[in-house]
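Chain and residue survey
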Amino acid sequence: MIRSFMTVLSGTLASRLLGFVRDSLIAALLGTGPIADAFLAAFQLVNVIRRLLTEGALNASLVPAWLRLQRHDGAAAAAAFAGRVLGTVSAGLIVATILLAFAMPLVMTVLAPGFAFSETLQLAADDARLMLPYLAFAGPSTVLLALASAQGRFALTAFSPLLFNGALITVTIVLLASHGEAAQAATALAATIGIAGLLQLSILIARGRQSAVAAPLRISIAPDMRGFLGKAFPGMVASAAPQLLAVGGAIIASREPSAVSWLYFANRLIELPLGIVGMAMGTVLVPELTRALQAGDKAMLAHAQSRGLELAAALALPAMLGLIALSEPIVRLLFEHGAFSATDTAATARILAWLATALPAQVLVKALSPAFFAREDTRTPMNATLIGFAVAIVSALALGHVIGSSGIAIGLALGAWAQALALFRRGALSFGFAVEPATRRRLPRIVLAAIAMGGALWAAATGTASFAGSHAGLGRAAVLFCLIAGGIALYGGLLSALGVTGWRASVRAVRRPPSHDLRE
């Protein structure tokens, strides 16, 4: 499982890093203000719907059902079922895209009430309409990627998103070089998003024809398909919880100028560690846990859950502390270019520090949810998501009124923790979480190593702040790189010294082949 996890992790890391490059260029191109707020509000809407489908969400229902059919009825029955899912999802999203295009001004008024009766609302609606074709392409792409992960072909799932970011980066560089108006640049970027979705789907279709894993292609409203979709929708809502929280924050932040942009860029930094862990958990853990449950192998079940919990903790805790300690230098280096000012950097960094406190809770949800998904229970994670969303909205409204955009970020963090606690409580009462004794011993040591690294990183960042502030460009980048590299080295050394893991053990885990027969 570690090898599969690392495959997905490396692909997702590459995609997220390209995403940072993309957002840094967009910040330089559009800055903050009405045009940027409109574009980012529209992009966030499309992004949330996209992630209702992707980020391992559809795996929650499709992978267990496909594996069960393949196991009991054969490959032909599984392929026929996949063909019905592919056809039905594709047709449904085409219809939804058309309806959304007509209703977009109303939708944007609900999602950004602060834009109402202003030119920003029309800009956001126009941008969103240009982005909508991406949704029609994202549906079939997601089905094909979920089927690839069910077969153990994780590399395709991990690396296909690179096309999306690569297309946007190319267009943004051209727009920066042309020095055109910001409004025209935002329109061009919005149109590019749909083209990027078509490019990704074309490659997946070409690859899918080689295996005929979803054939014949059909649209179905039969009882089995209605039952599948009834399970899939709650799973998609649950898997997109961080994005739903971000939308809730944007709704409240739209009352304050530039706050939508600040929240967006801060949240993008949170999505690097969250996306890596979340994508890997959804793509790798669900198939592993499903096989263990179907085989009745309690030892394999405990092993998968334990490894998932350890990996989640080992990545989330140092990421949270690192983002808090380095919030301002990271934001300054990535985004303070062109139209993005020092004032924007300070506001975004404050929001980032508060949002980072939610990271362990969000990763815990990603680690716990597969235990429900593998049992084909998607409603419990959805209910936990709705609880967290309600807590976030109430808290963000109250705190945002008192302390502004930072209060909104605190409210979103409280919502994430409410979701994690609700999910943990329900799982403990329903079936319990099997955790191996070795994991129980290692988890406290992981926490200790992360805290020590966070303290050292904060002290080092404070000591080098004046030096980094007096230099620009490569000087700032060098200081930040040294801090991050030093933090990673210290954390790795502490894990080794505390007996959590070592270099040889990590290499053996990565080289070990997957625990199932279907391999990449």
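Residues numbered from 1 in each chain as written. Predicted model: local features only at pLDDT ≥ 70, side-chain atom pairs only at ≥ 80, totals over all residues. Heavy atoms only, no water.

As for the environment of F373
- Here F373 shows up in helix α16 (residues 359-373).
- Along the backbone, F373 and V63 are 310 residues apart, and their C-alpha atoms lie at a distance of 9.4 Å. (Helix = DSSP H or I, 4+ residues; strand = E, 2+ residues; numbered from the N terminus.)

Things to note about the side chain of D344
- Mapped onto the secondary structure, D344 falls in helix α15 (residues 342-356).
- Among buried Asp, Glu, Lys and Arg side chains, D344 stands out as unpaired, with R350 the closest opposite charge at 9.2 Å.
- Not counting residues within four places of it along the chain, the set of residues in contact with D344 comprises T32, W262 and A339. (Buried < 20%, exposed > 50% of the residue type's maximum accessible area, 1.4 Å probe, protein only. Lys, Arg positive; Asp, Glu negative; His and termini not counted. Salt bridge = Lys/Arg side-chain N within 4 Å of Asp/Glu carboxyl O. Contact = heavy atoms within 4.5 Å.)

Here we look at the nonpolar core
- By size, the foremost hydrophobic cluster in this structure holds 107 residues, and its most contacted members are F39 and M108.
- Sequence-distant contacts of M108, that is, excluding residues within four places in its chain, are made with A41, A42, L45, P113, L121, A124, A125 and A128.
- By size, the runner-up hydrophobic cluster in this structure holds 27 residues, among which are L62, A82, L144 and F228. (Core = buried A, V, L, I, M, F, W, Y, C linked by side-chain atoms within 4.5 Å.)

Brief notes about helix α18 (residues 405-430)
- Relative to the 38 Å expected for 26 residues at 1.5 Å per residue, α18 spans 38 Å between its end C-alpha atoms, a close match to the ideal helical length.
- Immediately beyond the C-terminal end of α18, within one or two residues, lies G432, with a positive phi of roughly 70°. (Expected span 1.5 Å × (residues − 1).)

Let's talk about the pattern of salt bridges
- Applying the stated criterion across every chain yields a total of five salt bridges.
- R332 serves as the salt-bridge partner of E336, at 4.0 Å between the closest nitrogen and oxygen.
- Taken together, the shared-partner salt bridges connect R22, D23 and R268 into one network.

Side note on the side chain of E310
- Relative to the elements of secondary structure, E310 occurs in helix α13 (residues 298-325).
- Overall, E310 belongs to the buried group, its relative accessible area being 10%.
- A polar side-chain atom of E310 sits 2.5 Å from a polar atom in the side chain of T439.
- Side chain to side chain, E310 and R442 meet in a polar contact 2.8 Å long. (Polar contact = N/O pair within 3.5 Å; in protein donor to acceptor, adjacent residues only side chain to side chain.)

A closer look at the packing of aromatic side chains
- Counting across every chain of the model gives seven aromatic pairs.
- For the ring pair F39 and F43, a centre distance of 6.0 Å and an interplane angle of 20° mean the geometry is stacked. Of this pair, F39 and F43 both sit in helix α2 (residues 34-53), four residues apart, which is roughly one turn of the helix.
- Looking at F39, the relative accessible area reads 2%, which means it is buried.
- The class of F43 is buried, set by a relative accessible area of 2%. (Phe/Tyr/Trp six-rings, centres within 6.5 Å; stacked < 30°, edge-to-face > 60°.)

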